[in-house]
Amino acid sequence: MKSFEYAAPSTLKEATALLSDKWGETEILAGGTDLVTSLKQYLTTPSRIVSLRNISELKGIQTAGKAVRIGATTTLGELAGDKAVKEHFPALVTAAEGVGSPQLLSVGTTGGDLCQRSRCWYFRNGFGLFGKEGSTSLVREGDNRYHAIFGNDGEALFVSPSSLGPALIALDATLVVVGPKEKKRKIAAAEFFQTPKTASERETALKPNEILAEIEIPLRGLKNATYEVRHRHGLDWPYATASVAFEIKGGMASNARVVLGQVAPVPWSAVGAAKTLSGAKIDAALAAKCGEAASQGAKPLSKNGYKIQLVKAAVKRAVTAAAAA
Amino acid sequence: MAKVDWPAADKRALIGKRISRADGPVKATGAAKYSYDVNRPGLLYAKLVWSPYARAEVVSVDTGPAAALPGVKAVWKDDTLIGKEVNFAGQILAAVAAQTEEIAAEAARRVKVEYKPLEHQVRDDDPALSQGNPDKREDGNVDDALAKAEVVVNGRYSIPVIAHCCLEPHGQVTEIRDGELYVWPSTQNVSGYADRSLAEATEIPQNKIHVDCQYMGGGFGSKFGVDKWGTIGAALSKQTGRPVKLMLDRDLELMIAGNRPSAHAAVKVGASKDGTLTAIDAEIWGTAGMGGTLPRDFPYIFTKIPNNRRVVKRIQAHRGSARAWRAPNHPQLCFLTMSALADMAAGLKMDELEFFLKNLQFVDPKMGGGRAPEVYAEELRIAADLIGYKQKAHPRGDPSSGPIKRGLGMALHTWGGQGHASECDVTISPDGSVEAKLGSQDLGTGARTCVGIVVAETLGLPLNGVKVEIGKNDYPKSGGSGGSTTIGGVSVSSRQAATAVLNELLAKVAPRLGVEPDALEARAGEIRVTADPGKKISWKEACATLGVMPVTKRGVNTPGESLNAGLISQGVGGVQMADVAVDIETGIVTINEMVAVQDCGLIIDLKTAESQVYGALIMGITYALFEEAVYDPKTGRMLNADMEFYRLAGIKDVGKLKVHMMTGKGYDDRGVIGLGEPPVISPGAAIANAVANAIGVRAPHLPLTPDRVLAVLQKGGATA
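Residues numbered from 1 in each chain as written. Chains lettered and ligands numbered in written order. Predicted model: local features only at pLDDT ≥ 70, side-chain atom pairs only at ≥ 80, totals over all residues.

This next bit is on the overall build of chain A. Regarding its fold elements, chain A presents 14 helices and 14 strands. Computed over its C-alpha atoms, the radius of gyration of chain A comes to 19 Å, within 12% of the 20 Å expected for a compact globule of 325 residues. C-alpha atoms of chain A, sized along the principal axes, occupy 55 × 50 × 35 Å. Counting all 325 residues of chain A, 53% fall into the buried class. Partitioning the intrachain contacts of chain A with sequence separation of at least 6 by distance along the chain shows that 65% fall at a separation of at least 24. (Helix = DSSP H or I, 4+ residues; strand = E, 2+ residues; numbered from the N terminus. Rg over C-alpha atoms; globule rule 2.2 N^0.38 Å. Buried ≥ 20, exposed ≤ 12 C-beta atoms within 10 Å, placed from the backbone. Contact = placed C-beta atoms within 7 Å.)

We now examine the overall build of chain B. Per the secondary structure count, chain B includes 18 helices and 26 strands. In terms of principal-axis extent, the alpha carbons of chain B reach across some 80 × 75 × 45 Å. Expressed as a percentage of the 720 residues in chain B, the buried residues total 58%. Contacts in chain B between residues at least 24 apart in sequence constitute 81% of all its contacts with a sequence separation of at least 6.

Turning our attention to the confidence of the model for chain B. Model confidence for chain B is summarised by a mean pLDDT of 97, while 99% of its residues fall at 70 or above. Both confidence scores are given for the complex: pTM 0.97, ipTM 0.97. (pLDDT = per-residue confidence, 0-100.)

What follows is about the domain arrangement of chain B. All names here are of chain B. Partitioning chain B into structural domains gives domain 1 (9–32 + 418–565) and domain 2 (263–417 + 570–714). The straight-line distance from the C-alpha centre of domain 1 to that of domain 2 is 38 Å. With 24 residues of domain 1 at the interface, the matching set in domain 2 holds 21 residues. Contributions of two or more residues to the side of domain 1 that touches domain 2 are made by helix H12 (447–459) and helix H13 (486–513). In terms of residue class, the side of domain 1 that touches domain 2 is made up of seven nonpolar, 14 polar and three charged. (Domains from an automatic or database assignment. Nonpolar A, V, L, I, M, F, W, Y, C, P; charged D, E, K, R; others polar.)

Okay, the nonpolar core next. Residues Val244(A), Val258(A), Val96(B) and Val691(B) are the most contacted members of the largest nonpolar core, which totals 332 residues. When we break this core down by domain, the ones giving at least three residues each are domain 1 (9–32 + 418–565) and domain 2 (263–417 + 570–714) of chain B. For Val96(B), the residues in contact, after removing those within four places along its chain, are Ala46(B), Lys47(B), Ala66(B), Val72(B), Val75(B), Ala104(B), Ala107(B), Ala108(B) and Val111(B). (Core = buried A, V, L, I, M, F, W, Y, C linked by C-beta atoms within 7 Å.)

Let us now look at the sheet that holds strand S22 (residues 532–538) of chain B. Residues and elements named next belong to chain B. Pairing in this open sheet of three strands is antiparallel, and the strands run S20-S21-S22 from one edge to the other. Bordering the open sheet on either side are strand S20 (520–523) and S22, each of which pairs with just one other strand. With direction set aside, neighbouring strand axes in the sheet form an average angle of 35 degrees. Direction of pairing for strand S21 (residues 526–529) relative to S22: antiparallel, over a ladder of four bridges. Residue pairing for S22: Arg528 is matched across the bridge by Lys536. H13 contacts S20, S21 and S22 of the sheet and is inclined by roughly 115 degrees relative to S20. (Pairing = 2+ DSSP bridges. Axes fitted to C-alpha atoms, helices over the stretch in contact; angles between N-to-C directions.)

A word on helix H16 (residues 606–625) of chain B. Relative to the 28 Å expected for 20 residues at 1.5 Å per residue, H16(B) spans 29 Å between its end C-alpha atoms, a close match to the ideal helical length. Of all the 20 residues making up H16(B), 15 are buried; the element is thus mostly covered by neighbouring parts of the structure. (Expected span 1.5 Å × (residues − 1).)

With that out of the way, let us pick up the interface of chain B and chain A. Interface size is commonly expressed as the accessible surface area that is lost when the partners come together. Of the residues lining the interface, 27 residues belong to chain B; the matching set on chain A comes to 22 residues. Mapped onto the side of chain B that touches chain A, the elements with two or more residues apiece are helix H3 (101–110) and helix H18 (706–714) of chain B. When grouped by side-chain class, the residues that make up the side of chain B that touches chain A number 10 nonpolar, six polar and 11 charged.

Okay, the sheet that holds strand S12 (residues 244–247) of chain B next. Whenever strands of a sheet pair, they do so through backbone hydrogen bonds, lying parallel or antiparallel. Residue and element names in this part refer to chain B. Across the sheet, seven strands lie side by side as S3-S5-S1-S12-S9-S10-S11; this open sheet has mixed pairing. Edge positions in the open sheet fall to strand S3 (72–77) and strand S11 (209–211), since each of these has one partner strand only. Going from strand to strand, the sheet's axes swing by 20 degrees on average, the running direction of each strand aside. Sheet topology places strand S9 (residues 171–177) next to S12; four bridges connect them, and they run antiparallel. Within the sheet, the bridge partner assigned to Gly171 lies in S12 and is Met247. This element, H3, spans strand S1 (44–50), S3 and strand S5 (92–98) of the sheet and lies at about 25 degrees to S1. Seen against the sheet, helix H6 (residues 227–240) touches S1, S3, S5, S9, strand S10 (180–185) and S12 and runs at an angle of roughly 30 degrees to S9.

Residues and elements named next belong to chain B. A cis amide bond links Phe298 to the next residue, Pro299, at an omega of 0 degrees. Inspection of the secondary structure assignment puts Pro299 in the loop between strand S14 (277–287) and strand S15 (307–315). At the junction of Leu702 and Pro703, the peptide bond is cis and its omega measures out at -5 degrees in the coordinates. Inspection of the secondary structure assignment puts Pro703 in the loop between helix H17 (683–695) and H18. Despite not being glycine, Glu203 has its phi angle at roughly 55 degrees, a positive value. Relative to the assigned elements, Glu203 resides in the loop between helix H5 (196–202) and S11. Despite not being glycine, Asn329 has its phi angle at roughly 70 degrees, a positive value.

Residue and element names in this part refer to chain A. One can find Gly179 in the loop between strand S8 (174–178) and strand S9 (184–188). Taking C-alpha positions, Gly179 is 29 Å from Phe89, a pair spaced 90 residues apart along the chain. When sequence neighbours within four positions are dropped, the list of residues in contact with Gly179 reads Thr16, Arg185, Lys207, Asn209 and Glu210.

Glancing now at the packing of H16(B) against H17(B). Residue and element names in this part refer to chain B. Axis separation between H16 and H17 bottoms out at 8 Å; the angle between their running directions is 55 degrees. When the interaxial angle is binned, H16 and H17 end up oblique. H16 and H17 meet at a crossing whose hand is right-handed. For the pair H16 and H17, contact is made by Leu617, Gly620, Ile621, Tyr623 and Ala624 and by Pro683, Gly684, Ile687 and Ala688, respectively. (Parallel < 35°, antiparallel > 145°, perpendicular 65-115°, else oblique. Left-handed = near helix turned anticlockwise from the far one by under 90°.)

All names here are of chain B. By secondary structure assignment, the location of Gln214 is in the loop between S11 and H6. By C-beta crowding, Gln214 is classed as buried, having 21 other C-beta atoms within 10 Å. Each C-alpha atom of the pair Gln214 and Gly471 lies 5.0 Å from the other, and the pair is 257 residues apart in sequence. Excluding its chain neighbours within four sequence positions, the residues that come into contact with Gln214 are Lys33 and Gly471.

Here we take up the pairing of strand S18 (residues 434–437) of chain B. Residues and elements named next belong to chain B. Note: strand S17 (residues 422–428) against S18, four bridges, orientation antiparallel. Bridged to Thr427 within S18 is Glu435. What sits between S17 and S18 in their antiparallel hairpin is a turn of five residues, with Gly432 showing a positive phi close to 95 degrees. Sheet topology places S18 next to strand S19 (residues 466–469); four bridges connect them, and they run parallel. Each bridged residue has a counterpart across the sheet, and for Ala436 the counterpart in S19 is Val468. Following the backbone out of S18, through H12 and into the adjacent parallel S19, one traces a crossover that is right-handed. (Right-handed = clockwise from strand over helix to strand, strands pointing away.)

Another aspect to go through is the packing of helix H14 (residues 306–324) of chain A against H18(B). One can describe the packing of H14(A) onto H18(B) by two numbers: an axis separation of 9 Å at closest approach and a directional angle of 90 degrees. The angle between the axes of H14(A) and H18(B) places the two elements in the roughly perpendicular class. Of the residues in H18(B), those touching H14(A) at Tyr306(A), Gln309(A) and Leu310(A) are Pro706(B), Asp707(B), Leu710(B) and Ala711(B). The residue makeup of the contact of H14(A) with H18(B), split by class, is five nonpolar, one polar and one charged.

Residue and element names in this part refer to chain B. Its 28 residues place the ends of H13 39 Å apart at the C-alpha level, agreeing with the 40 Å of an ideal helix rising 1.5 Å per residue. Along H13, the helix axis deviates most sharply at Ala507, where the bend reaches about 30 degrees; the proline Pro511 sits within four residues downstream. The positive-phi residue at the C-terminal boundary of H13 is Gly514, with phi of around 70 degrees. (Bend = angle between axes of the 7 residues up to and from the residue.)

Quick look at the structure:
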């Protein structure tokens, strides 16, 4: 990796002041599980790295009023082990535990999971975020078995690797980001993930000099669950995931969310699938119907058509698990 | 040379018992230093510059910008490649040595290489891509036999190129002191490592090259030679006068330091209605990258099927060359043969176990068919009992409802495993301490422990009464650890050395006990009169009779002689069965259980032998379910040269493993035979057959990932 200056300030104010307003000039270090690899791969060559390790206000989980607030540098292990999170948000626990490796659970952070870069193998092999050589899309013409089946009309064909994103969107979470001079912005989780229009953009709504500080999840008594289709049980990416959340009143579901992971450049809200649940009694047939609906509109590339079936299975199983929770 | 044999079963104090490996604690605590861990004073770190193109002309290489970076101490480039072609991605062109690993990596990026990219070809899935004349062999008349066969089954199968993926990558530390070269390589070949390429790279004669490899993190057939990185490291040490550590990064390790050839095949099998095989025919194609041997000895094990033919078509691809991968080419041939035969059993609507038992008549050890049919029959019955075959077996396609389908499958394998040439010195000191020394290596197999067991058994001592020194080429020469040849080699040489040195000791002790030396035996820490065990002296007292000088004797294993004497032999047979669950809604295959039944002659240490088999099952499950080198036809690059998408099984992925070693009469009396290769041969075939049995349709391409399983289910398999 290229040499860089390292700063570990103790306040958000100092930290944001150390960040450049241009992508790539500075990078934020939390757990480092993605950043260090990216530095070694020369995907980024910042002149300064700002570590969040000494900023105590970014740590910990609190239940206050009608919300659970999760500090961005809370580790995935702390998140999955938290009493309130376990009680209210099993969808989040499954997603965090799914990361699989004890090392990553101990070091990787909640904010880092949301901000990590694409794992597209063309990107990681130096062909840019969109995996192009000249005007040719290597992804479209090459091996796209792990790529997007939704939201792939443009040049971005990678999938969002975030494990927590789909669950947070399903749970209607809000992300708090802090910019220069402690300027706070609240972003709905669903708006946080963005499909870049050019290969030099990033995959979230964060600005280069903003830090993701906190995740707020409202306590609404939603039944919720995540199902991940994964082959290897240790450290590995799932092939497709579904996070669902809904209310049950008088035996009928309402206010449903169905969000898919690993199938689009952003966590993919399956709006049509959510509608199938509204005002209905959840049983095996409805869960299957919801899975079918979630797969509608998929546009598989040459080698990832199998993900359509995985979406159906993941949604069906997540709905069933949430209803049983 | 002392005439030796193996002790009878009732006389064995250590041999054949379950004994924990002597170096287990130092490995578990991290105290054991692997080649990668060797740090010498003033150490420099080297990084390599390699071609990102699968094929290109190298126009120029400019190391100037790298040399200018502060901290860089030396640069090297391969002048022989300038103006020539590189023909696989990862081919090494230049190197740098620097004070830190980070500076070295940055400097390597600054080396300016000008390429003229040329057209490349990295695919292996189409026989039309093959070059040269097909390698054809036919026994009998296959076309005629297939035309007459009552049942004919066609299949198309494939097993991909995979890497060795050694946990410790290839590489070494080199240091030149006082005109002598010291090398700490990660190698399978301590005695033979210091070859002429190393001498030429440093202008240091071979007899002044000292090799030291105490612990190494896996080789599997890929770590015999010095390799280009070895000569580069030594050259950088020579240039700088400083020690240099050059270990491959994971990406290069996966691209260029291994590769098992792929095998695709179209297979036709003919049989009569009673289940007797009458013909088998295969067109096989695949790639060994830029060089290496393709699988060709088809059919596997069932070599005596009356009409058999195979045509092998070689595809040269711009990829790193193949190297011997644990049981070279056997896993591929086993997978192709056993898959086709299981499909025939299904075609006949015959129980798979019954079908294999019936057709053991076509297994002939004299025709390269492995072990005798009755050995396989016995092993099949044991495996069936262990896995609960009778209770669980069903015809192809699990009839139960629900998305999880269960199935059983099996496969048979063989390997040679004759011991290699080996020399060993055993020394007894007057204080009673004992040392065995040999230029062998322990790849994690337990070789170090087994040498200790043989010497301790011979001298009537506990295992910790023997110090075993291996891993240096200054010690008596011993063969490279490949082809399951180590245990046969080192057990005989150490047995001979220990016997010879004991004879010397007994000659000194005999007068004290008033008997002839051959009336004595060494047992339980004593030298005693065999016929009158009360007449004895302790080991320590006995050794004191040596006076002031230690006694050393050398043992030599000469394979031909040991074979004739029955100390070693070759040819083992094994059977494995798999019990799998397939989720037909997701295509996820899970291993419930694997059973391995294996013979390997006289077992020196039952525990490390079983460990070999457990390890092989894990490695086999890995290539059955996860492993595949993914090459991109457009860029010619390996897309998954990392441990993220080059997947290996973890502990939760392997299910329950049961190992049964064949011992006792008919097995122990064959002498010692190697075990490294055989148990890794069958898992791919057994698991693939179990998946077909579960879902009712053949998933013909390894690894058995969800996309491949779902693809065949959508064409018609089990339904929930």
